[in-house]
Amino acid sequence: DVLRWHVDQQPTDAFIEALFEMREIIEPAAAERTAERATPEEVERIGIAMKGIEENARGSDEQIKADVGFHMGILEGSHNPIIRSLGALIESALEISFSLSWRAAMRADAVYQHRVIFEAIRDHRADDAFLAMRKLLRNSKGDVFDAIWSSRNEPKPE
């Protein structure tokens, strides 16, 4: 609820920095652990979410839902109960990030970057999963800032 309130109130740069800092601390390590620990069923769920990212229209509610499912699947696949317990908080952060970036400024290679993460997890390449998630988050952070800065500079209706 607090995260949603911040977005509704025009998020500050400091808030976005804090949001991505939290994601950068948790998600690469979760991807690494998921590559080591995920069950075949968990990998399949992440793959289904990957397909949704690829096949749904850019910025659509369906694509955003698939992207959230992708990241939540990675958190679940880590088999770390603490990371799993942070899921609700991270889910809100993901929804906010994706609604800001996919609809406005997401890089063309974002789908490919998700694919690289999925393939590293599927192939049990933990180090590659960690690095690919870190790269995706760094790029996503830039996309979110681009979207926010663009919206701040849009002409106001008179």
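You'll find the structure just up there.
Reading the values: rules and limits
Residues numbered from 1 in each chain as written. Predicted model: local features only at pLDDT ≥ 70, side-chain atom pairs only at ≥ 80, totals over all residues. Heavy atoms only, no water. Helix = DSSP H or I, 4+ residues; strand = E, 2+ residues; numbered from the N terminus. Buried < 20%, exposed > 50% of the residue type's maximum accessible area, 1.4 Å probe, protein only. Contact = heavy atoms within 4.5 Å. Areas by Shrake-Rupley, 256 points an atom, 1.4 Å probe, with all protein chains shown as cover. Axes fitted to C-alpha atoms, helices over the stretch in contact; angles between N-to-C directions. Parallel < 35°, antiparallel > 145°, perpendicular 65-115°, else oblique. Left-handed = near helix turned anticlockwise from the far one by under 90°. Nonpolar A, V, L, I, M, F, W, Y, C, P; charged D, E, K, R; others polar.

1. Some thoughts on the overall build of the protein chain
Here is step 1 of the chain: Per the secondary structure count, the protein chain includes eight helices and zero strands.
Here is step 2 of the chain: Out of the 158 residues belonging to the protein chain, those deemed buried represent 47%.
Here is step 3 of the chain: In the protein chain, 78% of the contacts between residues at least 6 apart in sequence involve partners at least 24 apart.
Here is step 4 of the chain: As presented, the protein chain carries roughly 8,400 Å² of accessible surface, and 52% of it is formed by carbon and sulfur atoms.

2. A few points about the side chain of serine 78
Here is step 1 of the chain: Mapped onto the elements of the fold, serine 78 is located in the loop between α4 (61-77) and α5 (81-85).
Here is step 2 of the chain: When neighbours within four sequence positions are excluded, serine 78 is seen to be in contact with Ala30, Arg33, Thr34, Arg37 and Ile83.

3. Topic: the packing of helix α3 (residues 40-55) against helix α7 (residues 110-122)
Here is step 1 of the chain: In the contact formed by α3 and α7, the axes pass within 10 Å of each other and the chain directions differ by 165°. With respect to α7, the element α3 is oriented roughly antiparallel. The hand of the α3/α7 crossing is left-handed. Counted together, Val43, Ile46, Gly47, Met50, Ile53 and Glu54 of α3 and Val111, His114, Arg115, Phe118, Ile121 and Arg122 of α7 form the full contact between these two elements.
Here is step 2 of the chain: Per-class residue counts for the contact of α3 with α7 are seven nonpolar, two polar and three charged.

4. Re the packing of α4 against α7
Here is step 1 of the chain: Direction vectors running N to C along α4 and α7 enclose 30°, while the axes themselves pass 12 Å from each other. Taken together, the axis directions place α4 and α7 in an arrangement best described as roughly parallel. When you trace α4 past α7, the crossing you get is left-handed. The residues of α7 that touch α4, namely those facing Gln63, Asp67, Phe70, His71 and Ile74, are Val111, His114, Ile117, Phe118 and Ile121.
Here is step 2 of the chain: Partitioned by chemical class, the residues of the contact of α4 with α7 number six nonpolar, three polar and one charged.

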